[in-house]
Amino acid sequence: MNLIARLRRFVLGSLSAKLTLFYAALFAAATILVLGGAKVGITSYAERMIAGEMEAGGKVFDRVAATRYDQLGDAGRVLAADFGFRSAIATDDKPTIESALDSLRSRLGLSQAFFVSSEGQVAGYRGTLSAKDAETLRASLDNGATRGVLLLGDRRFNAAAASVDVPVTVGWLVLGNALDAREMANLSRLSAIELKPRIVSAAELPAGVQPHATAAATERSVSGERVLIRARPIQSFDAAAPQILLLEHSLTRALAAYTPMLWQLAACGLIGVLIAVAGSWLLARRLSRPIAALDAAARRVSQGEYAQVAVETSDEIGTLAASFNRMVDDIGERERQITHMALHDSLTGLANRTLLREHLTTVLSRDSGSTKRALFCLDLDNFKVVNDTLGHPTGDALLCEIAERLTAFANGGFVARLGGDEFAIVIDDSTGSLDRSASELIRAVAKPCHVNGHRIVPGTSIGIAVLGVDGNDPVALVKNADLALYRAKHDGRGGFRFFESAMDAEAQARRQMELDLHDAIQNGELSLMYQPLFNLNEGRVSAFEALLRWNHPVRGSVSPVDFIPLAEDTGLIIPIGEWVIREACRTARSWPDHVRIAVNVSAVQFRNPGLNSVILQALSESGLPPGRLELEITESLFIDNVEATLSSLHSLRALGVRVALDDFGTGYSSLSYLRSFPFDKIKIDRSFIMDLLGSDSATAIIKSITSLAEALGMETTAEGVEHVEQMDILREQGCSHIQGFYFSRPITPEAVTAMLADGAREQAAA
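Residues numbered from 1 in each chain as written. Predicted model: local features only at pLDDT ≥ 70, side-chain atom pairs only at ≥ 80, totals over all residues. Heavy atoms only, no water.

Looking now at the pattern of salt bridges. Enumeration according to the criterion identifies 43 salt bridges in this entry. With its nearest N and O atoms 2.8 Å apart, the salt bridge here joins glutamate 632 to lysine 683. Taken as a pair, glutamate 632 in strand S21 (residues 629-634) and lysine 683 in strand S23 (residues 681-684) lie far apart in primary sequence, 51 residues in all. Neither glutamate 632 nor lysine 683 differs from the other in exposure class; each is buried. Each of Arg596, Glu630, Arg658, Lys681 and Glu715 takes part in salt bridges that share partners, so that together they form one network. (Salt bridge = Lys/Arg side-chain N within 4 Å of Asp/Glu carboxyl O. Helix = DSSP H or I, 4+ residues; strand = E, 2+ residues; numbered from the N terminus. Buried < 20%, exposed > 50% of the residue type's maximum accessible area, 1.4 Å probe, protein only.)

On to the environment of asparagine 411. Turning to its location among the elements, asparagine 411 is positioned in the loop between helix H12 (392-410) and strand S11 (414-419). A relative accessible area of 70% places asparagine 411 in the exposed class. Along the backbone, asparagine 411 and alanine 321 are 90 residues apart, and their C-alpha atoms lie at a distance of 45 Å.

Okay, the packing of aromatic side chains next. Inspection of the entire model under this criterion finds eight aromatic pairs. Residues tyrosine 530 and tryptophan 591 carry aromatic rings whose centres are separated by 5.5 Å and whose planes lie at 85 degrees to one another, so their mutual orientation is edge-to-face. Highlighted residues: tyrosine 530 in strand S17 (residues 526-535) and tryptophan 591 in the loop between helix H17 (573-588) and strand S20 (596-600), separated in sequence by 61 residues. Owing to a relative accessible area of 0%, tyrosine 530 belongs among the buried residues under this scheme. The exposure class assigned to tryptophan 591 is buried, which follows from its relative accessible area of 4%. Plain terms: the ring middles of tryptophan 550 and phenylalanine 563 are 5.5 Å apart, the flat faces sit at 85 degrees to each other, and that makes the pair edge-to-face. One end of the pair, tryptophan 550, is in strand S18 (residues 540-552); the other, phenylalanine 563, is in helix H16 (residues 560-570), with 13 residues separating them in the sequence. According to the relative accessible area criterion, tryptophan 550 is buried, its value standing at 0%. One aromatic cluster is present, built from ring pairs that chain together Tyr530, Phe544 and Trp591. One residue, arginine 745, lies across the ring of phenylalanine 741, its end atom 4.1 Å from the ring centre. (Phe/Tyr/Trp six-rings, centres within 6.5 Å; stacked < 30°, edge-to-face > 60°. Lys NZ or Arg CZ within 6 Å of the ring centre and 35° of its normal.)

Structure below.
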């Protein structure tokens, strides 16, 4: 079974074996068909040939018999006409009759020559003739029989009869030759094949054989041989006992003559099969060898190796091999393209972050000797402004220009784009100190350039991490360089900072604060304090500004200065700001109708497209009229995109809420903002209030602002009022509202309720 199973696996697993067996089986089938066709054809031919010979033999027998009957009849009529013989017949001269008959029999070599009288007397018969046979013969002669096979006893003769007339018929002269074995052998030699002619009575015919002159031969099995038998009726004296010429020939023996030829054909067929097996095997091997080579090459290619196959022919196999080689080359080219795309930035063509890590790994593994290498991480200053104001195509073109400058500066060194406007360069101190390289790099980047018809003066900040000092792996180096970059941007743009271990600690602390701030809302650690705004004209509180506070269970009270910037950087200001708006509206709903609630909205919140929805939901949930909600924004909102900011402000005004411009007079103050949007209120920055008591110019500025606000129909609120003298000056200069510690520090919602109640009582008493 194991051998059969191995053979089966070999055949099923080998194309050569399959092809060999297929062609061998095909040729064997063809040989068998040829042999079968030859055998059928030979048998059919032999049968037709034997049947033809039997037909011809029968006709020859008839012609020979007819000739002999004519000869016997002529001889009989001569003697019957002889006067002496007729006289002897008439006188019953038996000696003369027998003498004439002996003479005739001797002269013609006849087997029998005898006279049969009309009374049935027989004279001259050699041998013993029974009375029955004599009477049967006489009756036949009397009925006109003149020729045919004459059966006397157990002997047969070819016989002819002539009447003896004196002048009436007194008898018949019968002449005959015995149809013995010798006679039949002579007759058989007249045929081309051995037909074994025999004359038998109808009763002696083999079963199933019917006598007929034109009937086909009948095949019968005799002693294990196939024998063709044909029965042909022949002329007979006794019509009641017809005689049949029986011809036989062994078909088996006839076909046996062709057996050597069939064996020769079979031998040739077998040799042909063997040749077909050998040829098929060689052809299959010729076909399968290139396929095996292709398979081996394909396996190597699948394992990432480069493999080619030899092109040895110009036929289809050679064409397939050439196509395979081209496919391997194409795959290699595509893989190189894919690898390049995976490791390079599609916009600038610089290496990406992945390739930077690989490069750093390679550099760290080498002994740099006394050379110090550092990773410079760059971030373009105010690149977002370029995108927002000049469009992303111009921003992309600027990135490409910066990439070319960095590549030229690196002078064959490694340059990568890490994403957005972040780049990285690996620089060593072989041509100068790292500090000097950083300064030169900042100057190289800061050169004005013309992009898409725009003159742009880019800037960059750089964070530097020294290889092997600030990290021994790419991840640590990139992280530390980013920390240094963060510090450089925090300290002021257009500078560089080396990584310091304290930066990592600060980053960890910042990260932990970020995590804590993330959970602050769910844990109920955030709360709102409310600082009142006093209406100088009405002499009462007109609004409260909601101020966010964070009371951490471990850190304690965290200053907004510490966590608000973090919330803005991480995006947490979005959910926190939403909570502030909802909570402020909910609290203000219980206040008197003339008291508004002011909420600060950061630039990050303002850029969130969902701000309007948040405000609508807060107003809807609390039931606070939109006119009692006042959103305080800073002038920095206008820096990024003036048109978008104004569009958002108008949409907020469309909701019915009030909008106040906070910290007016600092930063990017521009009177065009006041002309572009009808703010409800201007909040004068506390820096001007602090100088009121010591500087006349501050008073003049306050006067200018209040006059401008009054002309534009806007309210004014002075922040940071801590002294009564400041309040007096502000009232004198036309300021409508004040806010500061002089009036009240930020208070709890409960204290707000109490303050409003006291104010109501005072108003009632007045």
